[in-house]
Amino acid sequence: MFAGFATGSGALIVVLIGAIGLFLLLQAIPSLLGDHANFLTSREFATDDPNNLRFGILELLEVTVEVSVYALLLAMPVGLGIALFLTQYAPARVAKPFAYLVDLLAAVPSIIFGLWGILVLAPVIRPVAVWLNAHFGWIWLFAHGNVGPELGSNLFIAGIVLAAMLLPIITAITREVFERTPTAQIEGALALGATKWEVIQTTVLPFGRAGYVSASMLGLGRALGETIALTVILSASNQAFSGSLFDGGATFASKIALSFAELNNALSAGAYIAAGLVLFILTFAVNAAARWIVNRGVPQS
């Protein structure tokens, strides 16, 4: 009975994922066939007229990937530092409550992060954004963009907020992996005269590298699908996305959240479902890559 229940539960997950993908595909096909623009390379997304659909995902893909990777690059070193502090340096009476507080970040609703980012963080960090644009504006990443550094509704602020949302995922998984470092290896390194940092370099980090990378990949999957916080922060712009952190725009999820409720016909809705299908595939691929990294990097005792 237990074997059958376990097998059935695993099969149910596979069926549900397949059903979601099939539903998205079937709903998107009519709109894709009626699309008068190139779905993969067009930056236009006009769905008001169901008889003249012109939509593409290029700009949505660029904004989604850039803000997610930017957030991940901010969150990864901070998450690693927190995990090392909690497992290697902090005493138990400090590590447990501190870890609990970090985990509580996962319970904060996305809308709260979004409001905090646009109302609190943006005014505080605006001088930093202006300074980066003034001194490094010759680099495309810090160019003026279609929104500018003066406003807080750009990828620069959105990425910082998204990084804070990724910390619980990256920190929790990395901390658990580091805690499982074999005690014999740590004691052996200490017996050979290694310092605390040398122990971390020679035993903890090599043992937990795969777990840390997979945690970061799972965080990336979370970032790709974030909706409400980015909907609140990012400002729409009539100008094309240039790749600057001071650009506005929309991700796959925020575009769907902003527009889907106003659609009243199946063809226009299918355009957004097609964008959702791309996001589904992208997120699925990222999480599959994380699982592959875990399986490939499991340490052998």
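Right above here is the structure, for reference.
Residues numbered from 1 in each chain as written. Predicted model: local features only at pLDDT ≥ 70, side-chain atom pairs only at ≥ 80, totals over all residues. Heavy atoms only, no water.

## Some words on the overall build of the protein chain
Part 1 of the reasoning: Regarding its fold elements, the protein chain presents 10 helices and 2 strands.
Part 2 of the reasoning: N-terminal to C-terminal, the α/β element order of the protein chain is α-β-β-α-α-α-α-α-α-α-α-α.
Part 3 of the reasoning: The principal-axis extents of the C-alpha atoms in the protein chain amount to approximately 75 × 65 × 30 Å.
Part 4 of the reasoning: Within the protein chain, contacts between residues separated by at least 24 positions form 77% of all contacts whose residues are at least 6 apart in sequence.
Part 5 of the reasoning: Accessible area for the protein chain stands at about 15,700 Å²; split by element, carbon and sulfur atoms hold 69% of it.
Part 6 of the reasoning: The average position of the 13 basic charges and that of the 16 acidic charges among the side chains of the protein chain differ by 13 Å. (Helix = DSSP H or I, 4+ residues; strand = E, 2+ residues; numbered from the N terminus. Contact = heavy atoms within 4.5 Å. Areas by Shrake-Rupley, 256 points an atom, 1.4 Å probe, with all protein chains shown as cover. Lys, Arg positive; Asp, Glu negative; His and termini not counted. Charge placed at Lys NZ, Arg CZ, Asp CG, Glu CD.)

## Focus: the packing of aromatic side chains
Part 1 of the reasoning: On inspection of all chains with the given rule, the structure shows 9 aromatic pairs.
Part 2 of the reasoning: Pairing Phe39 with Phe55 gives two aromatic rings, centres 5.7 Å apart and planes at 80°, and the pair type is edge-to-face. Of this pair, Phe39 sits in the loop between helix H1 (2–33) and strand S1 (45–46) while Phe55 sits in strand S2 (residues 54–55), and the two are 16 residues apart along the sequence. Across this residue pair, the class does not change: Phe39 and Phe55 are buried.
Part 3 of the reasoning: Relative to Phe284, the ring of Phe280 lies with its centre 6.3 Å away and its plane at 25°, an arrangement referred to as stacked. One end of the pair is Phe280 and the other is Phe284, both in helix H10 (residues 266–296) and 4 residues apart, which spans about a single turn.
Part 4 of the reasoning: On the accessibility criterion, Phe280 (24% relative accessible area) is partly exposed.
Part 5 of the reasoning: Residue Phe284 is classed as partly exposed on the basis of its relative accessible area, which comes to 47%. (Phe/Tyr/Trp six-rings, centres within 6.5 Å; stacked < 30°, edge-to-face > 60°. Buried < 20%, exposed > 50% of the residue type's maximum accessible area, 1.4 Å probe, protein only.)

## Some details on the nonpolar core
Part 1 of the reasoning: Core analysis: the biggest nonpolar cluster contains 60 residues, and Phe156 and Ile157 have the highest contact counts within it.
Part 2 of the reasoning: Broken down by secondary-structure element, the contributors of at least two residues to this core are H1, helix H2 (58–89), helix H4 (110–136), helix H5 (155–179), helix H7 (196–224), helix H8 (228–233), helix H9 (252–259) and H10.
Part 3 of the reasoning: With 13 residues, H5 is the single largest residue contributor to this core.
Part 4 of the reasoning: For Ile157, the contacting residues outside a window of four places in its chain are Gly117, Leu121, Ala122, Ile125, Gly152 and Ile233. (Core = buried A, V, L, I, M, F, W, Y, C linked by side-chain atoms within 4.5 Å.)

## Considerations on the packing of helix H3 (residues 92–104) against H5
Part 1 of the reasoning: Their axes nearest at 8 Å, the elements H3 and H5 cross at an angle of 140°. Crossing hand, H3 versus H5: left-handed. Across the interface between the two elements, Ala99, Val102 and Asp103 from H3 touch Pro168, Thr171, Ala172 and Arg175 from H5.
Part 2 of the reasoning: Each residue belonging to the contact of H3 with H5 can be placed in one class, and the counts come to 4 nonpolar, 1 polar and 2 charged. (Axes fitted to C-alpha atoms, helices over the stretch in contact; angles between N-to-C directions. Left-handed = near helix turned anticlockwise from the far one by under 90°. Nonpolar A, V, L, I, M, F, W, Y, C, P; charged D, E, K, R; others polar.)

## What to know about the layout of surface pockets
Part 1 of the reasoning: In this structure, the largest pocket encloses a volume near 430 Å³.
Part 2 of the reasoning: Mapped by element, the contributors of at least two residues to the lining of the largest pocket are H2, H8 and H9.
Part 3 of the reasoning: Counting residues per element, the lining of the largest pocket draws most heavily on H9, which supplies 4 residues.
Part 4 of the reasoning: When the residues that make up the lining of the largest pocket are grouped by side-chain class, the tally is 8 nonpolar, 9 polar and 4 charged. (1 Å grid on protein atoms, 1.4 Å probe; cavity = no way out; pocket = protein on both sides within 12 Å on 5 of 7 lines; lining within 4 Å. Points joined across faces, edges and corners; volume = space filled by probe spheres on them.)

## Focus on the packing of H5 against H7
Part 1 of the reasoning: Between H5 and H7, the least distance of the axes is 8 Å, while the angle of their chain directions is 150°. Relative to H7, the element H5 lies roughly antiparallel. Judged by the twist between their axes, the crossing of H5 over H7 is right-handed. Across the interface between the two elements, Leu162, Met165, Leu166, Ile169, Ile170, Ile173, Thr174, Val177 and Phe178 from H5 touch Val204, Leu205, Phe207, Gly208, Gly211, Tyr212, Ala215, Ser216, Leu218, Gly219, Arg222 and Ala223 from H7.
Part 2 of the reasoning: Residues that form the contact of H5 with H7 fall into these classes: 15 nonpolar, 5 polar and 1 charged. (Parallel < 35°, antiparallel > 145°, perpendicular 65-115°, else oblique.)

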